[in-house]
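Structural description and commentary
Given next are the chains, with one letter for each unit.
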2 protein chains.
Amino acid sequence: MTQPQSDTRTRILELTAGLFAQLGFAAVSMRNIANAAGLTPAALYHHFSDKVALYDATLEHVYRSRTEALRSVLDTNGQFSADTLHEFVLAFTKIVAKDKVFSRLLHRELLDGSAKRMERLSAQVFHDTFTRFEALLKALAPGRDPHLTANAMIAVILGHYGFAPIRRSLPGYMKAHDRPDVLANQLVQLVLTGPKQ
Amino acid sequence: MTQPQSDTRTRILELTAGLFAQLGFAAVSMRNIANAAGLTPAALYHHFSDKVALYDATLEHVYRSRTEALRSVLDTNGQFSADTLHEFVLAFTKIVAKDKVFSRLLHRELLDGSAKRMERLSAQVFHDTFTRFEALLKALAPGRDPHLTANAMIAVILGHYGFAPIRRSLPGYMKAHDRPDVLANQLVQLVLTGPKQ
DNA sequence: GTCTATAAACCGATAGAC
DNA sequence: GTCTATCGGTTTATAGAC
């Protein structure tokens, strides 16, 4: 667990993260992966028992490497301040906006993940962070259902960037709408202070 | 265009809508489709020039058949009332919550659609409805950016049900959160009246 | 409009040498 | 740890009979 993994194994996982994120599980072949890695297909089977195991390891690798930044935002701060909420929303928005590999794999799992993989995504990526996020909202917006509100905020962020290719060709679009800070500001203001009258 | 299409063609499209929605383009083979339709693969090529053309026709078929309900909600009502907004949000939420074929194909297109297909999705499904939705919000919530607000509401609805498999195993989950009317109510209240103090 | 038959390429996976 | 070679099966798509 803690000893350094094989360099080749890690290199393969960095590669498959991009390939699976871009094309999806079914559209990427072991041959594609081997060629991109400068290996033969047979060599892949030394590191991973089959294609599904390689996909699982890819998710594990991406989840682990992408959620630390998020965890730390909610970890260091024990108090329930609006600043902490804003900081968290902005951090999550930035990750979703900029890390296409992570966000595309996440969306693919939401579509095609088995119940077991869904459970792992929930436990490994969302559970702890979501629980703290909920507690924060309960303290800062006591009139709302914290679960529903936390979910709605996550849904806005994920949906905003997932929907971006459509959004950009709809009337009223501005470049500023793509900026994480603009979205985060609107979102926090909406939940905490209500509409400008 | 207006003459009745071949029965077999339509029957194939109803079938592929479900298959492509469930498994995605790459994971469904022409054999799968032919077997499910009680045909041989060769027969499919009489109706569609290749697999991509069949997929395109499937999207066209689904878009056309699913967006009429939505269009009519915003069409009949020329006035800008909160009731119209609520009615529209509820109608869209119900479609997303209940029509898995439509919503899964939509999510798959957002992930894998080419620029051309994305443009078609925007024009065929969203453009007119979104424009009216924006105008409604401009009248009812004048303090907000209507484009950003309309997008956020659509993102919440799409994200809420797309995120559902994770949401259900997170603390604070209640069955009521899955109900379209509960989500629609919260969403309209959030945008129009701000938080309960 | 659907069939049989088949081409040509690709798929995941394994055996065994080095 | 990576290779060569290969197996058995599947893929999209076409030719041509009915």
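The rules behind the values
- Residues numbered from 1 in each chain as written.
- Chains lettered and ligands numbered in written order.
- Predicted model: local features only at pLDDT ≥ 70, side-chain atom pairs only at ≥ 80, totals over all residues.
- Heavy atoms only, no water.
- 1 Å grid on protein atoms, 1.4 Å probe; cavity = no way out; pocket = protein on both sides within 12 Å on 5 of 7 lines; lining within 4 Å.
- Points joined across faces, edges and corners; volume = space filled by probe spheres on them.
- Helix = DSSP H or I, 4+ residues; strand = E, 2+ residues; numbered from the N terminus.
- Nonpolar A, V, L, I, M, F, W, Y, C, P; charged D, E, K, R; others polar.
- Near = heavy atom within 4 Å.
- Polar contact = N/O pair within 3.5 Å; in protein donor to acceptor, adjacent residues only side chain to side chain.
- Axes fitted to C-alpha atoms, helices over the stretch in contact; angles between N-to-C directions.
- Parallel < 35°, antiparallel > 145°, perpendicular 65-115°, else oblique.
- Contact = heavy atoms within 4.5 Å.
- Least-squares fit on C-alpha atoms with pLDDT ≥ 70 in both.
- Domains from an automatic or database assignment.
- Buried area = accessible area lost by both parts, 1.4 Å probe.
- Phe/Tyr/Trp six-rings, centres within 6.5 Å; stacked < 30°, edge-to-face > 60°.
- Buried < 20%, exposed > 50% of the residue type's maximum accessible area, 1.4 Å probe, protein only.
- Salt bridge = Lys/Arg side-chain N within 4 Å of Asp/Glu carboxyl O.

Some remarks on empty space enclosed by the protein
Rolled over the atoms, a probe as big as a water molecule pinpoints where empty space is left. Summed over the entire model, instances satisfying the criterion amount to 3 cavities of 30 Å³ or more. In this structure, the largest cavity occupies an estimated 160 Å³ of space. Forming the walls of the largest cavity are 18 residues, and the residues nearest its centre are Val156(A), Leu187(A), Leu190(A), Leu187(B) and Leu190(B). Of all the secondary structure elements, the ones that give two or more residues to the lining of the largest cavity are helix 9 (146-162) and helix 11 (180-193) of chain A together with helix 9 (146-162) and helix 11 (180-193) of chain B. Of the residues contributing to the lining of the largest cavity, the split by class is 12 nonpolar, 4 polar and 2 charged. Here the second largest cavity defines a volume of roughly 70 Å³. Per-element tally for the lining of the second largest cavity: the top contributor is helix 8 (residues 115-140) of chain B, with 5 residues. Across the lining of the second largest cavity, the residue classes tally to 8 nonpolar, 1 polar and no charged.

Re the protein's contact with DNA strand D
The environment of DNA strand D is formed by 16 residues, the closest being Thr40(A), His46(A), His47(A), Met30(B) and Arg31(B). Restricting attention to atoms of DNA strand D within 4 Å of the protein, one finds that 58% of them are sugar or phosphate atoms. Note that a phosphate oxygen of DNA strand D is positioned 3.3 Å from one of the side-chain N or O atoms of Ser29(B). Going through the elements one at a time, helix 3 (41-47) of chain A together with helix 2 (30-37) and helix 3 (41-47) of chain B are the ones with two or more residues in the surface near DNA strand D. Here the surface near DNA strand D gets 4 residues from one element, more than from any other, and that element is helix 3 of chain A.

Some remarks on the packing of helix 9 of chain A against helix 9 of chain B
It is the contact of helix 9 of chain A with helix 9 of chain B, at a shortest axis distance of 7 Å, that shows an interaxial angle of 110 degrees. Between helix 9 of chain A and helix 9 of chain B, the angle falls in the class roughly perpendicular. Between helix 9 of chain A, through Leu148(A), Ala152(A), Ala155(A), Val156(A), Gly159(A) and His160(A), and helix 9 of chain B, the contact on the second element is made entirely by Leu148(B), Ala152(B), Ala155(B), Val156(B), Gly159(B) and His160(B). Broken down by class, the residue content of the contact of helix 9 of chain A with helix 9 of chain B amounts to 8 nonpolar, 4 polar and no charged.

Examining the protein's contact with DNA strand C
DNA strand C sits among 15 residues. The nearest are Met30(A), Tyr45(A), Lys51(A), Thr40(B) and His47(B). What you see for DNA strand C is that sugar and phosphate hold 57% of its atoms within 4 Å of the protein. Residue Arg31(A) places a side-chain N or O atom 3.3 Å away from a base nitrogen belonging to DNA strand C. For DNA strand C, a phosphate oxygen lies 3.1 Å from a polar atom in the side chain of His46(B). Of all the secondary structure elements, the ones that give two or more residues to the surface near DNA strand C are helix 2 (30-37) and helix 3 of chain A together with helix 3 of chain B. Each residue belonging to the surface near DNA strand C can be placed in one class, and the counts come to 7 nonpolar, 5 polar and 3 charged.

Some details on the layout of surface pockets
In this structure, the largest pocket spans a volume of roughly 660 Å³. Residue lining of the largest pocket: 31 residues in total, with His107(A), Gly162(A), His107(B), Leu110(B) and Leu111(B) positioned closest to the centre. Mapped onto the lining of the largest pocket, the elements with two or more residues apiece are helix 7 (100-112), helix 9 and helix 10 (164-167) of chain A together with helix 7 (100-112), helix 9 and helix 10 (164-167) of chain B. For the lining of the largest pocket, the per-class residue count stands at 17 nonpolar, 8 polar and 6 charged. Roughly 540 Å³ of volume is contained in the second largest pocket. Along its surface, the second largest pocket is lined by 23 residues, and Leu23(A), Ala26(A), Leu23(B), Gly24(B) and Ala26(B) are the ones closest to its centre. Breaking the lining of the second largest pocket down by element, the ones donating at least two residues are helix 4 (51-66) and helix 7 of chain A together with helix 1 (7-23), helix 4 (51-66) and helix 7 of chain B.

Describing the relation of the copies chain A and chain B
Superposition record for chain A on chain B: RMSD 0.1 Å, screw rotation 180 degrees, translation along axis 0.0 Å. This pairing of chains is accounted for by a two-fold axis. Of all interface residues in chain A, 100% are interface residues in chain B too; the two copies therefore contact each other through one and the same surface.

Looking at the domain arrangement of chain A
All names here are of chain A. Along its sequence, chain A is carved into domain 1 (7-63) and domain 2 (67-193). The centre of domain 1, based on its C-alpha atoms, is set 28 Å off from the matching centre of domain 2. Counting residues at the interface gives 13 residues for domain 1, matched by 12 residues for domain 2. For the pair domain 1 and domain 2, the summed buried surface comes to about 1,300 Å²; carbon and sulfur atoms form 57% of the total.

Describing the packing of aromatic side chains
With the rule as written, the count across this model stands at 12 aromatic pairs over all chains. Aromatic pair Phe88(A) and Phe133(A): ring centres 4.6 Å apart, planes at 45 degrees, arrangement tilted. With Phe88(A) in helix 6 (residues 82-98) and Phe133(A) in helix 8 (residues 115-140), this residue pair connects regions lying 45 residues apart in the sequence. No difference in accessibility class separates Phe88(A) from Phe133(A), as the two residues are buried. Measuring from ring centre to ring centre gives 4.8 Å for Phe20(B) and Tyr55(B), while their planes differ by 80 degrees; the resulting arrangement is edge-to-face. Note that Phe20(B) is positioned in helix 1 and Tyr55(B) in helix 4, a separation of 35 residues in sequence. Residue Phe20(B) is classed as buried on the basis of its relative accessible area of 0%. Judged by its relative accessible area of 4%, Tyr55(B) falls in the buried class. Through successive ring pairs, a cluster of aromatic residues spans Phe20(A), Phe25(A) and Tyr55(A).

What to know about the interface of chain A and chain B
With 54 residues of chain A in contact, the opposing surface of chain B contributes 54 residues. Taken over both partners, the interface formed by chain A and chain B buries close to 4,600 Å², and the fraction arising from carbon and sulfur atoms is 67%. Considering only the surface of chain A that becomes buried against chain B, Leu111(A), Leu148(A) and Phe163(A) emerge as the three largest contributors, covering 14% of it. Where chain A packs against chain B, one counts 4 salt bridges. With a shortest N-O distance of 3.6 Å, Arg104(B) and Asp112(A) are connected by a salt bridge. At the surface where chain A touches chain B, the tally comes to 10 residue pairs in polar contact (both at pLDDT 80 or more). Elements with a minimum of two residues in the side of chain A that touches chain B: helix 7, helix 8, helix 9, helix 10 and helix 11 of chain A.

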